[in-house]
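# Tertiary structure, described
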Amino acid sequence: MIKIEGLVQGVGFRPFIFVCAEKFGIKGYVENRNDGVMIEAFAEEFAVYEFIEYIKVNSPAASEIFSLNLQEKDFCTYDDFVIQKSSSVSQAVTEISPDIAVCDSCLEDMLQQKHRIDYPFINCTCCGPRYSIIRTLPYDRDKTTMSEFEMCETCLKEYSDVYDRRFHAQPIACNNCGPVYKSENTEISSFEAILKHLRDIINSGGTFAIKGTGGFHLGCNAFDVNAVSKLREIKKRDGKPFAIMFRDISSLKERVYISKHEEKALSSWRRPIILLKVKENAGFPHGLFNDLDNVGVMLPYMPIHYMLFEQINIDALVMTSGNISKEPVIISNDYAVKAFTDKTNAVITYNRDIYNRVDDSVAFVVNNKERLLRRSRGYAPSPIRIKQDLEGIFAAGAELVNVFAIGKGEQAILSQHIGDLQNMETLEFYEETYSRMKELFLFDPKIAVCDMHPDYLSTKFAKKLGIKTIAVQHHHAHIASCMAENGVDEPVIGISLDGTGYGTDGNIWGGEFFVCDLNDFERKFHFEYLPLPGGDKATEEPWRIGISALHRTFGDALFEMDIDLVKKYENKAHLLVQAIDKKINSPLSSSAGRLFDAVSAILGLCCESEFHAQAPMLLEAVIDKSEIGIYNYAINGKIINFDEMFIDIIGDMARKTPISVISAKFHNTIIDICIRIISILSEETGIVTAAISGGTFQNRYILENLENKFKNSHIKLISQSKVPSNDGGIALGQLAIAGKRRELKCV
Ligand code: ZN
Ligand code: ZN
Ligand code: FE
């Protein structure tokens, strides 16, 4: 008996096993169960071993074998090898496949297979929608949103033929029986006419909404200034760069820089958005990504994307999440029609429901490794496996870019990207996804773990569940997330440079240097506290933080100095300083993110922020990478003090030093602090592993250079890759900490 666990359902595994069995003369059966794939294989012993070796090497592209266990069994007589119907047997759960981009064989079939010529929902056992359409397990057609489409005779024949590429492809469909596209509020009926309609809209500078795999996209010609600004208008107060879909790799290479590893990540079956550096003469309008030098790029992943590019001569389309303001990406046809009919030139839907919302995933590549920033379509709900018992633990996640997680055995199953839990719609999405995952993965919650922040909606949700709750410090969770993903379970030096997190002293933390393990942490050093006048408002208006930082260093002398930022905000700055002095709504923060905000504002790069982390992103975008200088700073006891740095920055500005050089020196200073503190703490404790996590490590310059510094060192630096280092990774850390505390009987 062979039991295989891993990503083995919905990826063409059973038919693959069937064909292998035939090849090696194996008798018996293969069966999907909710805890994996079970094979009974009878043959000469060597044939069984050859069979297993063959499976390991040749398994289907999107499958992933985690464990393969062999058990001897008494001989039974089977006449042949068969595929048995799926059965549920235990509380253990197999993996659910993420959604898979359309494969090359299907794209070929679209040109020649009679009943699938130009069929835009073509798929096979190796490709097509999965998690987005799955209601419950085991993965069979009647448990997906394909259930209402009855297979035609031809499809049924293929579905039942084990030698066919579509054997048991649950979403199998064709022109005669499958889902169809619809152009809402128009008379247009044929698919061909819909494509031509979209072509005309794109060519004439219009915008459109189109239903994708896990949610709607808003799109237009990426080179059209007016169309891009119309999209900005629709997305409202969101100045974030738009993601772009390129026709293919070669057209993309003309306009962005791309390395081999980036190309590999971009073209994988997961099809994430990858952040790439734009070439100077790429020809994109400024409004596409404002002053940032990186753009989120993806390749077509649904048949209609490919077909659309065939209709037009344009190599890149904006394909940004179709949502309103801060709500989650829209998945319902009715809601999309309501939201976009008056605002765009076309709303294109199809009549198969998206059950689980999965936004596009986002990643970048540093030091040849893919780093996820948003883990959603193509990744969720694949588990992260860690060597810890996580059964029954629910981790609520943080507040912004929320992802929650559930523990099943040694698997951490992270939800798809939920978003910022600050409006009703996102909170509903959170609660709904929790109850669905609970059912889907047969999850029985025993412990809920949440952030220490009492006001986070995720914290409130966890406390409402009526089970034991554990509150975990935000940055401890960041470091634990990094440790868990890297399989580390001994004390580490933990550096969490971050935006915002509730500290044990009630202040806002975020420039933290710990010695910690999965159970507990000790705060060894931190950035000096800075008042944030206006509280939350200060995060949206970095000029406030700039003034606060200058006031901390120069006191009231600041108003006699020749500083652009002070002059620009002269009147307001006086009131601001009064508020700081009187401690009115000026919470203290050691956040690294706010330090970046301050410098960005002082350099005049970003005084008022249009979207989260814009100020640090703009600061990173201007770095002169040839500059190796650093600024002075002081370590006074546990506190890292930046007075000398701000004096030098103001001096550099007075000397008209280019801001690209100042930005580089500032970044180099942060890197230097990390290196120095790692060395101090390593000497003090003998620990030789350092874990880095937190939103600031989305800064590629810092991540790359810091990692390179430790390449040949006796100290091992670990960072995040599979899970975001931003708050989207918090839930994994919460799970690991709760698992450890339960193991140590601390809870
Ligand atoms: Zn396919
Ligand atoms: Zn059919
Ligand atoms: Fe954080």
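Just above, that's the structure.
Since we're looking at a predicted model, the values are computed, not measured.

Moving on, we come to the overall build of the protein. If you tally the helices and strands in the protein, you get 23 helices and 31 strands. Taken over C-alpha atoms, the radius of gyration comes to 27 Å for the protein, in line with the 27 Å a tight globule of 747 residues would show. By principal-axis analysis of the C-alpha atoms, the protein measures approximately 90 × 65 × 50 Å. In the protein, which comprises 747 residues, the proportion classed as buried is 62%. Carbon and sulfur atoms form 49% of the exposed surface of the protein, whose accessible area is close to 29,300 Å². Positive and negative charge centroids in the protein, built from 82 and 100 side chains respectively, lie 1 Å apart.

Okay, the coordination of the iron ion (ligand 3) next. Protein coordination at the iron ion (ligand 3): the donors are His474 (NE2), His478 (NE2), Asp498 (OD), Asp498 (OD) and Asp727 (OD), at 2.0 to 2.7 Å from the metal. Between consecutive donors of the iron ion (ligand 3), the numbers of intervening residues give the motif H-x3-H-x19-D-x228-D. Linking aspartate 498 in strand E23 (residues 492–502) with aspartate 727 in the loop between strand E31 (716–718) and helix H23 (730–743), this pair joins segments that are 229 residues apart in sequence. Grouping residues by exposure puts aspartate 498 and aspartate 727 together as buried.

The six strands are arranged E17-E20-E19-E18-E21-E22 in an open sheet whose pairing can be described as mixed. Each edge of the open sheet is held by one strand with a lone partner, namely strand E17 (384–385) and strand E22 (468–472).

Now for the side chain of histidine 475. Residue placement: histidine 475 occurs in helix H13 (residues 474–485). Beyond its immediate sequence surroundings of up to four residues, histidine 475 is in contact with Ser496, Asp498, Thr500, Gly501, Trp509, Gly510, Glu512 and Phe514.

Quick look at the coordination of the zinc ion (ligand 2) now. Every protein donor of the zinc ion (ligand 2) is listed here as Cys152 (SG), Cys155 (SG), Cys174 (SG) and Cys177 (SG), and their distances to the metal cover 2.3 to 2.4 Å. Because the angles between the four donor atoms bound to the zinc ion (ligand 2) fall within 102 to 116°, the donor set is best described as tetrahedral. Sequence positions of the donors to the zinc ion (ligand 2) reduce to the motif C-x2-C-x18-C-x2-C. Here cysteine 174 lies in the loop between helix H4 (153–160) and strand E6 (181–183) and cysteine 152 lies in the loop between helix H3 (104–112) and H4, a separation of 22 residues in the sequence. Note on accessibility: cysteine 152 and cysteine 174 belong to one class, buried.

Criteria and thresholds
Residues numbered from 1 in each chain as written. Chains lettered and ligands numbered in written order. Predicted model: local features only at pLDDT ≥ 70, side-chain atom pairs only at ≥ 80, totals over all residues. Heavy atoms only, no water. Helix = DSSP H or I, 4+ residues; strand = E, 2+ residues; numbered from the N terminus. Rg over C-alpha atoms; globule rule 2.2 N^0.38 Å. Buried < 20%, exposed > 50% of the residue type's maximum accessible area, 1.4 Å probe, protein only. Areas by Shrake-Rupley, 256 points an atom, 1.4 Å probe, with all protein chains shown as cover. Lys, Arg positive; Asp, Glu negative; His and termini not counted. Charge placed at Lys NZ, Arg CZ, Asp CG, Glu CD. Donors = N, O, S within 2.8 Å, 3.2 Å for Na, K, Ca; no water. Pairing = 2+ DSSP bridges. Contact = heavy atoms within 4.5 Å. Tetrahedral: all angles 85-135°; square planar, octahedral: opposite > 155°, others 65-115°.

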